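Per-entry structural report
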Amino acid sequence: LSSLFIFSPPLYIFNIIFSTWGTSEQAKEFEKYLLDGGSFDTDPFRLVKVSDFLPLQNVKTKIMYAVNRKKKKSKFEARGPFQIVETIQEGAVFEGMINIQKPPASDCIKKPIKAEELLQSVNAFYVSLVNEENKVTYEIGAGSVVVKRIKEGFKLNHSSVLIRLGRHSGAEAVTIEGNRHIKIMQGKGQSPRFLPQATTLWLASEKSKPTAGSSLVPFGWAVLEVLPA
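Nothing here was measured: the structure is a model prediction, and the numbers come from that model.

Criteria and cut-off values
- Residues numbered from 1 in each chain as written.
- Predicted model: local features only at pLDDT ≥ 70, side-chain atom pairs only at ≥ 80, totals over all residues.
- Heavy atoms only, no water.
- Helix = DSSP H or I, 4+ residues; strand = E, 2+ residues; numbered from the N terminus.
- Buried < 20%, exposed > 50% of the residue type's maximum accessible area, 1.4 Å probe, protein only.
- Polar contact = N/O pair within 3.5 Å; in protein donor to acceptor, adjacent residues only side chain to side chain.
- Contact = heavy atoms within 4.5 Å.
- Salt bridge = Lys/Arg side-chain N within 4 Å of Asp/Glu carboxyl O.
- Core = buried A, V, L, I, M, F, W, Y, C linked by side-chain atoms within 4.5 Å.
- Patch = residues over 30% accessible without salt bridge, like charges linked within 9 Å, V, L, I, M, F, W, Y side chains within 5 Å.
- Areas by Shrake-Rupley, 256 points an atom, 1.4 Å probe, with all protein chains shown as cover.
- pLDDT = per-residue confidence, 0-100.
- Pairing = 2+ DSSP bridges.

Take the environment of Trp221 next. Its location among the elements puts Trp221 in strand β13 (residues 221-225). Judged by relative accessible area, Trp221 falls into the buried class, the value being 0%. Separated by 56 residues in the primary sequence, Trp221 and Leu165 place their C-alpha atoms 6.5 Å from one another. A distance of 2.9 Å separates polar atoms of two side chains, one belonging to Trp221 and the other to Glu133.

Okay, structure coming up:
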């Protein structure tokens, strides 16, 4: 659900996925540029080890509807039919370990991952994203629930970072700004378009056909908290 989860790892996390812009070959070249060569040997993220995250208590779940809404007001509704999903409720706490290893002296990784820089980058990416989404949900009448919860419950900094997880997080959450090539399906028999942003978003609802936009909440927002060693 779009509720906030508190992840409490003793180390660190990352969530970076590369977009596909134009062709697969261009994407590979972009990945090489970002990962200092792009091969397994030179990829600094091969030294980032993420464990499973396990609940610290009984996790409350709820069956909800995922409803599709256009990001801009329109007399035509979004075409995506509602989906029935099992969601984790707000306040669930999970714990796991994320280990950022140091490369050995003989290793060919030239730019190893630094935890503080990584966490700062994650926050910068997702804070910008949640603010942009907040503008959209406000304009379509879905409210500002997620941003309100974050401001009330968390102080985002180098040890408390915003992340987004799971299904219906949106294409923007797993692609890089300036290199997005998002497939937008058209009507029957028409070729899809490719745009730098999605035109719709999925929101959690207690009803399959909600009449009030204020009851709709975005999916997947969570806060990752780093515990002291």
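Tracing the backbone shows His168 in the loop between β8 (160-164) and β9 (182-184). What makes His168 buried here is its relative accessible area of 13%. A polar contact of 2.9 Å, which involves the side chain of His168, links it to the side chain of Gln83. Apart from the residues within four sequence positions on either side, His168 is in contact with Ala66, Gln83, Trp202 and Phe219.

If you walk through the whole model with that rule in mind, you get six salt bridges. A salt bridge links Glu172 to Lys71, with the nearest nitrogen and oxygen atoms 2.9 Å apart. One end of the pair, Glu172, is in the loop between β8 and β9; the other, Lys71, is in the loop between β4 (61-70) and β5 (83-88), with 101 residues separating them in the sequence. The closest approach of N and O atoms between Lys135 and Glu132, which form a salt bridge, is 3.4 Å. Of the two residues, Lys135 and Glu132 both sit in helix α2 (residues 115-139), three residues apart, roughly one turn of that helix.

Tracing the backbone shows Val127 in helix α2. Taking C-alpha positions, Val127 is 8.5 Å from Ile163, a pair spaced 36 residues apart along the chain. Apart from the residues within four sequence positions on either side, Val127 is in contact with Leu156 and Leu162.

Moving on, we come to the nonpolar core. If you look at the biggest cluster of nonpolar residues, it comprises 30 residues, and the most contacted ones within it are Tyr126, Val130, Leu162 and Trp221. Of all the elements, α2 adds the most residues to this core, at seven residues.

The subject of this paragraph is a nonpolar patch on the surface. A cluster of nonpolar residues, Ile63, Phe82 and Ile84, forms a patch on the protein surface that exposes about 310 Å² of accessible area. Relative to the elements of secondary structure, Phe82 occurs in the loop between β4 and β5.

Next up on the list: the confidence of the model for the chain. Across the chain, pLDDT averages 81, with 87% of residues at or above 70. Put simply, strand β1 (residues 6-7) is where the chain has its lowest mean pLDDT, 38, and β5 is where it has its highest, 93. With pLDDT under 50 throughout, residues 1-21 is counted as low confidence; its partners more than four residues away or in other chains account for 105 contacts.

Turning next to the pairing of β13. For β13, the buried fraction is high: four of the five residues fall into the buried class. Two elements, β8 and β13, share five bridges in a ladder whose sense is antiparallel. Note that in β13 the partner of Leu162 across the bridge is Val223.

One can find Glu133 in helix α2. In terms of polar contacts, Glu133 uses its side chain to reach the side chain of Arg164, at 2.9 Å. Excluding its chain neighbours within four sequence positions, the residues that come into contact with Glu133 are Arg164, Leu201, Pro218 and Trp221.

Judged by pairing direction, the sheet is antiparallel, and its four strands sit side by side in the order β5-β4-β11-β12 without closing on themselves. The sheet terminates laterally at β5 and β12 (217-218), the two strands that pair on one side only. The pairing of β4 with β5 spans six bridges and is classified as antiparallel. Considered in β5, the bridge of Ala66 is made with Gln83.

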